[in-house]
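# Coordinate inspection notes
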Amino acid sequence: MEKPAAEPEYLSGFGNHFSSEAVKGALPLDQNSPLACPCGLYAEQISGTSFTTPRKFNQRSWLYRIKPSVTHEPFHPRLPRHERLVSEFNESTSSATPTQLRWKPVDIPESPTDFIDGLYTICGAGSSFTRHGYAIHMYAANKSMSGCAFCNADGDFLAVPQKGRLSITTECGKLVVSPGEIVILPQGFRFSIDLPDGPSRGYVAEIFGEHFHLPDLGPIGANGLAAARDFLVPTAWFEQASHPGYTIVQKFGGELFTAKQDFSPFNVVAWHGNYVPCKYDLSKFCPFNTVLIDHGDPSINTVLTAPSNKPGVALLDFVLFSPRWLVAEHTFRPPYYHRNCMSEFMGLIYGIYEAKADGFLPGGASLHSCMTPHGPDTKTYEASIAVGENSEPVRLRGTMAFMFESNLIPRVCPWALDSPYLDANYYQCWIGLRSHFSSNNRSENGSLDVPGTTQVLSEEQGIECTHTWRHVPVIRIRIRDFHHGRPPHARTRAELVLRCLGRAPPNRYFLCHLSDETLKQFVSLDIIQKVVRPGNTPMMPRLYLPLGGTKIIT
Ligand SMILES: O=C(O)Cc1cc(O)ccc1O
Ligand SMILES: [Fe+2]
C-alpha cells in the first residue's frame, strides 16, 4: 500500500551553519544558552566532534526543546536481543576472507519488521569503542517504527534506500528519502523511520569517529561532483502531545538498549548549528570522466568521503556509478581488472552495473576485499571487445550503482557468509575468461587489421572446421593477399587458425574484405559477429572475424 509522503521543506547546503525555527522567535539570537530561552524552551547542545576539534572540522548544534532529552527512565538491554548488529569486528563476531563475495537481493520479510529489526550488519572493521572503523549494514523492512525512536551512539549512518521511501522524523525535522537519494543520520541524533511504501530495502554505511565530507576537487576546479547546495537539511518540526511509554532505542557498542519517556523526542521547536541530518539526490551528481583514452580510477566519482588520519586515504568513501557518457577511444571502457589495497563493498540501486552483465542485481551486494582480484565478468569483457575499435560514444542510462570503499579490511559477519542469498557461483563469472594471447600479434592495437587487399581463399572456400578445443570449434582459414583480381602474392600467404565461440561475442577481430560468396560461408557457419558495409567502401563488405587465440602459420 503506497501512501503519499508529503515532501517537507528543506534548507540547502553541506557543512553550513543552519538555523531553523518552527515557532517564530523560538531561536535565541544573541547567545546559545540564555538564562531563560524564548518560549520557555530548554537549550541542549549535541556535539558531533570533540569540543576542541579545530574550528574547520568542529560540528555541533543547539537544540531548543520542550523537555531536554535527558528526561527518561534508565536504559535497559532491549529484549529479545537483536542478534545481527555488530560494531566491533574481531574473531568472536566476524571472519576474514579474501574470497570474492556476492549476495542476491534479500526478500522483504513476511512478518512485521521495522527499520530497527530489519537492519543487519554485513561486514566491517575496527570498533565503535575505539572510535575507529566502520560497519556496513543492509536492511529489509515492511513496517513503520511506532512509538519509538532510534539513536545510534556508535557512529554516523549513511543510508542508501534501494526499495521504498524512508520518511524520517529527526530532532531537526522531517526528511523523505526515495531510492536514488541518500541520507546522513549523524551519531547521536534520534530518529524514527516510517515506510510510506511498505516493503523497503537498502544499504547503510556506518562510520565510527568520523564524519563525511565533500571531497576536494583538485584540478577539477571549483565545480563538479556533488554540489553543497544539493544537500537538503530538515526544517524545525515538533510534536507537543504527551506520549506515555515512548521508547528510545539506543545502539551503544552494537547492542540495543531501551529507555522509556512520556513524550516524543521530536520536541525541538528551534535549532541552529552545523551538525545536522541531510539528504542528497544522486541524480544531481555531476560526473567527470576521461574524454579521450583509458579508464579513470573510481575516486573521480566520490560523492562523500570520511577521511582517515593519513592524507588521501579514506576511512570510507561513498562512490557513485551513475548514468553518463562513455566516450574513450581505443580503450577498454568497463572497469579494468584490478586488485586494490582498499576494500570495496558495492550495491546496486537500479539498472545494470557496467562491469557485470549478469548476477549483480538491484538490492544485491558484492564485497571485494583488500587485494582480492576482480573486474568485469566474462560476458562484459567479450561484449566490450566485440564492439571493436570503432566504438561510438555510449550513453549509460538507467543505472545507479555505488561503492563503499575503505582502507580498513572488513571482517564478514557469520549470517552474511551463511546467507541463502550468498551467490556460491560468483567466481564462475570470471572462469570463462580465456587466453587471447598471440606472440605473433604484431599490430599495435592488439588486433590484426588487414587492409582491403586480402581475400579468403582455399580449396574448401577458405573455411575448414578441423577439431574442437575446449568445446570451441577451431576453424582454419587460408588467406592470401591479392591485388585487384591478380593472382595471390605468394610471399604474403598466411594461414590463420581462429578459435570461435559460436554466437558468443568474439574477443578480437580480423578485418578483411570478402566476396559475397565467401561471406555466405561464414554466415552459414555462424561465426560472423558483425558485418559492416561502410558507404565509403563500395567494393566489398567488411567482415569482422573473431581472432581469439590466433596462430599464424607461415
Ligand atoms: O570494482 C568495481 O567494479 C569498482 C570499480 C569501478 C571502476 O570503474 C574502477 C575501479 C573499481 O574498483
Ligand atoms: Fe574494484
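See the structure above.
Residues numbered from 1 in each chain as written. Chains lettered and ligands numbered in written order. Predicted model: local features only at pLDDT ≥ 70, side-chain atom pairs only at ≥ 80, totals over all residues. Heavy atoms only, no water.

## Some thoughts on the site of ligand 1
In the vicinity of ligand 1, the residues found are H295, P298, F321, P335, Y336, H338, E344, M346, Y353, H374 and M403. The contact in question runs from an oxygen atom of ligand 1 to an N or O atom on the side chain of H338, over 2.6 Å. Interatomic distance of 2.5 Å between a side-chain N/O atom of Y353 and an oxygen atom of ligand 1. Notes on ligand 1: free accessible area 310 Å², of which the protein chains cover 97%. (Near = heavy atom within 4 Å. Polar contact = N/O pair within 3.5 Å; in protein donor to acceptor, adjacent residues only side chain to side chain. Areas by Shrake-Rupley, 256 points an atom, 1.4 Å probe, with all protein chains shown as cover.)

## Section: unusual backbone geometry
Most of the time, phi is negative for any residue but glycine, and the peptide bond is trans. The omega angle of the peptide bond from L79 to P80 is -5°, so this bond is cis rather than trans. For P80, the position within the fold is in the loop between β5 (76-77) and β6 (101-103). Here the phi dihedral of M371 falls at roughly 70°; this positive angle occurs in a residue that is not glycine. Judged by its relative accessible area of 45%, M371 is partly exposed. (Helix = DSSP H or I, 4+ residues; strand = E, 2+ residues; numbered from the N terminus. Buried < 20%, exposed > 50% of the residue type's maximum accessible area, 1.4 Å probe, protein only.)

## A few points about the pairing of strand β12 (residues 173-177)
Burial analysis of β12 places four of its five residues in the buried class, which makes it a mostly covered element. Where strand β11 (residues 166-170) and β12 come together, five bridges link them in antiparallel fashion. Looking at β12, one finds that T170 is bridged to G173. The hairpin formed by β11 and β12 contains two residues between the paired strands. (Pairing = 2+ DSSP bridges.)

## What about the sheet that holds strand β21 (residues 302-307)?
Spatially, six strands are ordered β6-β25-β24-β27-β22-β21 in an open sheet, and the strand pairing comes out antiparallel. Edge positions in the open sheet fall to β6 and β21, since each of these has one partner strand only. Within the sheet, the average angular offset between the axes of one strand and its neighbour, ignoring direction, is 15°. Where β21 lies against strand β22 (residues 314-321), five bridges are found, and the strand directions are antiparallel. Across the sheet, L304 pairs through a bridge with F318, a residue of β22. (Axes fitted to C-alpha atoms, helices over the stretch in contact; angles between N-to-C directions.)

## Some details on the environment of Y42
For Y42, the location among the structural elements is in strand β3 (residues 42-47). Between the C-alpha atom of Y42 and that of Y64, which follows or precedes it by 22 residues, the distance is 5.4 Å. In this structure Y42 touches C37, L63, Y64, R65, I66, K67 and P68, once residues within four positions along its chain are discounted. (Contact = heavy atoms within 4.5 Å.)

## As for empty space enclosed by the protein
By the definition in use, this model includes three cavities of 30 Å³ or more. Lining of the largest cavity is provided by 36 residues; of these, H295, F321, P335, Y353 and E354 occupy positions nearest its centre. Taken together, the residues of the lining of the largest cavity sort by class into 17 nonpolar, 11 polar and eight charged. (1 Å grid on protein atoms, 1.4 Å probe; cavity = no way out; pocket = protein on both sides within 12 Å on 5 of 7 lines; lining within 4 Å. Points joined across faces, edges and corners; volume = space filled by probe spheres on them. Nonpolar A, V, L, I, M, F, W, Y, C, P; charged D, E, K, R; others polar.)

## Some details on the coordination of the iron ion (ligand 2)
Looking at the iron ion (ligand 2), one finds its protein donor set to be H338 (NE2), E344 (OE), E344 (OE) and H374 (NE2), positioned 1.9 to 2.5 Å from the metal centre. Relative to the metal, the six donor atoms surrounding the iron ion (ligand 2) lie at angles of 57 to 163°, and the coordination shape comes out irregular. One chain supplies every donor to the iron ion (ligand 2), and in sequence these donors are spaced H-x5-E-x29-H. (Donors = N, O, S within 2.8 Å, 3.2 Å for Na, K, Ca; no water. Tetrahedral: all angles 85-135°; square planar, octahedral: opposite > 155°, others 65-115°.)

## Looking at the pairing of strand β24 (residues 343-350)
Here β24 lies mainly inside the structure; seven of its eight residues are buried. When β24 meets strand β27 (residues 400-406), the two strands line up antiparallel, connected through seven bridges. Bridge pairing links E344 to E405 in β27.

## Notes on the sheet that holds strand β1 (residues 10-12)
With respect to topology, nine strands assemble into an open sheet ordered β1-β16-β20-β13-β10-β15-β8-β7-β28, the strand pairing being antiparallel. Each edge of the open sheet carries a strand with a single partner, namely β1 and β28 (411-412). By the bridge criterion, two bridges tie strand β16 (residues 231-234) to strand β20 (residues 278-281) in an arrangement that is antiparallel. In the sheet register, L232 faces β20, and the bridge partner there is K279.

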